Amino acid sequence: MLESPARERRLVVAVGPVYLLSVARRGEDTIVQEAVASAVLPPELKLSSERGQLLRNLGFGKSSGRRNWKRRHGPELLATIAEQSVDILTRVYGVEGEPTIELIEDDSEHPENPSLVEAMRKVAKQRDDAARHAMYSEMLNATFLAPMDPEVDDDAEDSEALLAFEIQPSGRPTLGVFSDWASLRLWSPQGHDYAPIHGADLFGLAIERDAASVRINPEGDVGGELHRNEVETLVRAVETFRRRNSN
């Protein structure tokens, strides 16, 4: 993993929804191992405080929220880490069965939107109109990571290629997008094919798709859901701006 020329290499060992993820990045001489956060697991697999302490005893730490447990190690500990990984799956998470193992080499440079994430954090804390309007402005200027539906043909319209996270009783889809790669990986640890789409274009595609809503960072630490009326308001703001600048 450390010798691969790719920008990032990810090794995913999983049994059902429980996974251990090892990440190596170009130019770094250590590997980060992640154990799935309890918050995203079904009730029967959530960690007790005692089992969380077992991870801490193995050198894992965890910030608040939905972020994974993490520890960092060098190549000299690989044999120990491999042995501990089996113990983590069975003794800490209590899962049994043949694990799936997948190695992904990723050479992409992913979009980052730190100002958008900060704006969303402010809305979560302040919940006032000024903070919300600032967040909307950041959304229109951000470049989102929009997961693509693997079942859709390559010649499909842009809006039809967007992955539907849920179909509402009305038949309208709920779409989902991400502000950054770390947030996307909380939803899909292996990663997922996505298209980088500017916010001003994204919300127009959502209306074209007749989406009921758009989720920002589903399964992430910071995010939310824009309902149809909010998406329509953003689209009208873009149209007004473009008309003014075309005159």
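This text goes with the structure placed above it.
Nothing here was measured: the structure is a model prediction, and the numbers come from that model.

Conventions adopted
- Residues numbered from 1 in each chain as written.
- Predicted model: local features only at pLDDT ≥ 70, side-chain atom pairs only at ≥ 80, totals over all residues.
- Heavy atoms only, no water.
- Pairing = 2+ DSSP bridges.
- Helix = DSSP H or I, 4+ residues; strand = E, 2+ residues; numbered from the N terminus.
- Axes fitted to C-alpha atoms, helices over the stretch in contact; angles between N-to-C directions.
- Buried < 20%, exposed > 50% of the residue type's maximum accessible area, 1.4 Å probe, protein only.
- Core = buried A, V, L, I, M, F, W, Y, C linked by side-chain atoms within 4.5 Å.
- Contact = heavy atoms within 4.5 Å.
- Expected span 1.5 Å × (residues − 1).
- Arc of directions from axis to C-beta.

## Let's talk about the sheet that holds strand E3 (residues 31-35)
What links the strands of a sheet is backbone hydrogen bonding, and the strands pair in either a parallel or an antiparallel sense. One open sheet holds the five strands; their spatial order is E4-E3-E2-E1-E5, and the pairing between them is antiparallel. At either end of the open sheet lies a strand with only one pairing partner, and these are strand E4 (69-73) and strand E5 (100-106). The sheet shows a mean angle of 15 degrees between the axes of neighbouring strands, taken without regard to direction. Of the pairings in the sheet, the one linking strand E2 (residues 18-25) to E3 comprises four bridges and is antiparallel in character. Bridging across to E3, leucine 20 finds its partner in alanine 35.

## What about the pairing of strand E8 (residues 173-177)?
Within E8, five of the five residues are buried, leaving the element largely enclosed by the surrounding structure. Taking every second residue as pointing to the same face, both faces of E8 are buried, with Pro173, Leu175 and Val177 on one and Thr174 and Gly176 on the other. Here strand E7 (residues 164-167) folds back onto E8 in antiparallel fashion, the turn holding five residues, of which glycine 171 has a positive phi close to 95 degrees. In this structure, E8 lies alongside strand E10 (residues 213-216), joined through four bridges in parallel fashion. What sits directly across from valine 177, in E10, is isoleucine 216.

## Topic: the nonpolar core
Among the nonpolar cores identified, the biggest contains 31 residues, and Met120, Met139, Phe144 and Phe203 are the most heavily contacted of them. For this core, the secondary structure elements donating two or more residues are helix H3 (114-126), helix H4 (129-141), strand E6 (143-147), E8, helix H6 (199-208), E10 and helix H7 (228-246). Ignoring anything within four residues of it in the chain, the contact list for methionine 120 reads Met135, Met139, Ser179, Ile216, Asn217, Val222 and Gly223.

## A few points about the sheet that holds E10
Pairing in this open sheet of four strands is mixed, and the strands run E7-E8-E10-E11 from one edge to the other. Looking at which strands have only one partner, the edges of the open sheet turn out to be E7 and strand E11 (224-227). On average, each strand axis in the sheet is tilted by 25 degrees relative to the strand beside it, whichever way the strands run. The pairing of E10 with E11 spans four bridges and is antiparallel. Paired with isoleucine 216 across the two strands is glycine 224, which belongs to E11.

## What about helix H2 (residues 78-92)?
For H2, with 15 residues, the first-to-last C-alpha span of 19 Å sits near the 21 Å given by 1.5 Å per residue. Along H2, the residues that are buried comprise Ile81, Ser85, Ile88, Leu89 and Val92. Considered in projection along H2, the buried side chains sweep an arc of 115 degrees and stay on one side of the axis. Facing away from the buried side of H2 by more than 90 degrees, the exposed set consists of Ala79, Glu83 and Val86. Once H2 ends, the next one or two residues include glycine 94, with phi positive near 70 degrees.

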